[in-house]
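# Structural overview
Below are the chains, spelled out letter by letter.
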Amino acid sequence: MNQNQAEIKCILFDLDNTLIETRKADTRVCEKIANELRVKFNVTHDEANSISSSFLSNFRKCPENTLMSLDKWRTYLWSQALGDKYQQYAKTFSPIYNFPWFFVSESLYQNWLYQRYQNLAMPDELKSLLETLRMKFRIALITNGTSACQWEKIEKLHLKDCFDLILVSGDLSYEKPDKHIFFQACELLNVKPKNCLMVGDKLETDIQGGFDAGLSATVWISRNTHYYLTETDPKPDYILSNIMEFKYLIANLLDMENMRDAAKKLQDCSLYCDDDSACAGPSFSDHHKRMFSNVFTLDEDSNSNASDGS
């Protein structure tokens with residue numbers, strides 16, 4: 001944070017691949033489903049991998065079909081992934097058919113859904129971080145995606161009480177990087193863009209959007225350690241390899257704010273004090289030695305007063 005940046009009062013978080021590792025979790029779960037096909041249904045190794053990969057690819061291309069429920073759409077995607085060879089086991093939607101086999105596509109979907117949210121669940125350490133952040137900041141979730149899909153994640157992962165505000169682009173007429181979604185969050189939280197920090201994994205939406213909206217700073221969660229920023233990429237103010245590193249960054253930023261405040265007090269004091277000893281403010285050297293200590297703690301005592309989201 002440079003000396004001209006405003007005080008941070010609000011932190012805006014992205015959801016997928018920032019707070020939860022959606023892409024990695026979905027890949028891991030489909031690998032487990034492929035193994036289930038091999039063990040339970042005697043599908044060959046290559047065919048099981050092909051079926052699972054086909055579902056994942058189609059699901060990522062079109063996670064929701066507004067003409068049917070999420071359950072029906074995903075079950076349909078599994079039946080399509082099974083292909084002609086296994087269609088006899090893929091009677092999709094209705095259990096009323098007089099068919100001796102268990103409906104494989106529905107079975108695969110229910111297992112996939114259960115395991116997906118087991119793998120997407122936020123660790124307690126991250127929940128504690130969000131609770132602690134709410135003691136000092138307003139925090140919001142801004143996520144791109146279809147309404148039904150994103151709210152399903154929010155509901156199943158019990159995220160509502162973790163945030164002061166949740167915006168899903170599928171409910172709005174714009175999405176990140178459109179600056180208006182950031183402006184709406186600021187308006188609803190009664191903060192100015194210059195007092196907000198954006199944390200996300202996508203340069204083209206989270207970082208570019210935060211820059212376009214005039215936010216105080218942006219934090220890029222770069223899980224791909226082999227990717228290097230190019231000349232044309234939006235330039236984040238800070239880069240982290242995972243979300244849990246954010247607690248150290250925010251501690252550093254708070255410490256810098258405290259140093260700025262101390263500097264201002266010393267400057268104001270110097271206007272009236274001829275004797276340096278009369279100024280009670282801490283020296284910069286002493287203050288800097290205490291960086292990261294007692295600035296932002298996540299111990300049990302601090303968490304006992306965390307917001308319950310009410």
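Residues numbered from 1 in each chain as written. Predicted model: local features only at pLDDT ≥ 70, side-chain atom pairs only at ≥ 80, totals over all residues. Heavy atoms only, no water.

### Examining the overall build of the chain
Across its full length, the chain holds 11 helices and 6 strands. For the chain, long-range pairs separated by at least 24 residues make up 64% of all intrachain contacts whose partners lie at least 6 apart in sequence. (Helix = DSSP H or I, 4+ residues; strand = E, 2+ residues; numbered from the N terminus. Contact = heavy atoms within 4.5 Å.)

### Notes on the nonpolar core
Residues Ile11, Phe13, Trp112, Leu133, Phe163 and Phe246 are the most contacted members of the largest nonpolar core, which totals 60 residues. Tallying contributions element by element places helix α4 (residues 104-120) first for this core, with 7 residues. Listed in part, the 16 residues of the second largest apolar core include Leu165, Ala185, Cys186 and Met198. (Core = buried A, V, L, I, M, F, W, Y, C linked by side-chain atoms within 4.5 Å. Buried < 20%, exposed > 50% of the residue type's maximum accessible area, 1.4 Å probe, protein only.)

### A few points about the environment of Leu126
Considering the arrangement of structural elements, one finds Leu126 in helix α5 (residues 124-133). Among the residues examined, Leu126 registers a relative accessible area of 2% and is labelled buried. Along the chain, Leu126 and Ile243 lie 117 residues apart, while their C-alpha atoms are 8.1 Å from each other.

### A short note on the environment of Cys162
Following the sequence through the fold, Cys162 ends up in the loop between α6 (147-156) and β3 (165-168). Classification of Cys162 by relative accessible area gives buried; the value is 12%. Residues Cys162 and Leu133 lie 29 residues apart in sequence; the distance between their C-alpha atoms is 9.8 Å. Look past the residues within four positions of Cys162 in its chain and what remains in contact with it is Met122, Leu130, Arg134 and Ile139.

### Re the pattern of salt bridges
Applying the stated criterion across every chain yields a total of 11 salt bridges. Asp164 serves as the salt-bridge partner of Arg134, at 2.7 Å between the closest nitrogen and oxygen. Residue Arg134 is located in the loop between α5 and β2 (138-143), and its partner Asp164 is located in the loop between α6 and β3; the two are separated by 30 residues in the primary sequence. A relative accessible area of 37% means that Asp164 is categorised as partly exposed. Between Lys176 and Asp206 there is a salt bridge, and its shortest N-O distance comes to 2.7 Å. Pair noted here: Lys176 is in the loop between β3 and α7 (179-189) and Asp206 is in helix α8 (residues 203-212), with a separation of 30 residues, a long-range link. This pair shows no difference in class: Lys176 is buried, exactly as Asp206 is. Through salt bridges with shared partners, one network takes in Asp14, Lys176 and Asp206. (Salt bridge = Lys/Arg side-chain N within 4 Å of Asp/Glu carboxyl O.)

### Thoughts on α4
A turn of α-helix holds 3.6 residues, and therefore any two residues three or four places apart point the same way. For α4, which comprises 17 residues, the first-to-last C-alpha distance of 24 Å matches the rise-based estimate of 24 Å (1.5 Å per residue) to within 8%. Restricting attention to buried positions, one finds in α4 the residues Val104, Ser105, Ser107, Leu108, Tyr109, Trp112, Leu113, Gln115, Arg116, Tyr117 and Leu120. Along its buried surface, α4 packs onto α1 (22-41), α2 (45-61), α3 (70-82) and α6. (Expected span 1.5 Å × (residues − 1).)

### Re the packing of α3 against α4
Contact pair α3 / α4: the axes reach a minimum separation of 8 Å and the direction vectors enclose 120°. Note on packing geometry: the crossing formed by α3 with α4 is right-handed. Contacts from Leu70, Asp71, Arg74, Thr75, Trp78, Ser79 and Leu82 in α3 reach Val104, Ser105, Glu106, Leu108, Tyr109, Trp112, Leu113 and Arg116 in α4. (Axes fitted to C-alpha atoms, helices over the stretch in contact; angles between N-to-C directions. Left-handed = near helix turned anticlockwise from the far one by under 90°.)

### Examining the packing of α1 against α2
Two elements in contact, α1 and α2, have axes separated by 8 Å at closest approach and are oriented at 145°. For the pair α1 and α2, the crossing hand works out as right-handed. Contact with α1, carried on its side by Arg23, Asp26, Thr27, Cys30, Glu31, Ala34, Leu37 and Arg38, involves His45, Ala48, Asn49, Ile51, Ser52, Phe55, Leu56, Phe59 and Arg60 of α2 and no other residues of that element.

### With respect to the pairing of β2
With respect to burial, β2 is a largely interior element, 5 of its 6 residues being buried. Direction of pairing for strand β1 (residues 10-13) relative to β2: parallel, over a ladder of 4 bridges. From the neighbouring strand, Leu12 faces β2, where its bridge partner is Ala140. Two elements, β2 and β3, share 4 bridges in a ladder whose sense is parallel. Within β3, the residue paired with Leu141 across the bridge is Ile166. In this fold, β2 hands off to α6, which returns the chain to β3; that crossover is right-handed. (Pairing = 2+ DSSP bridges. Right-handed = clockwise from strand over helix to strand, strands pointing away.)

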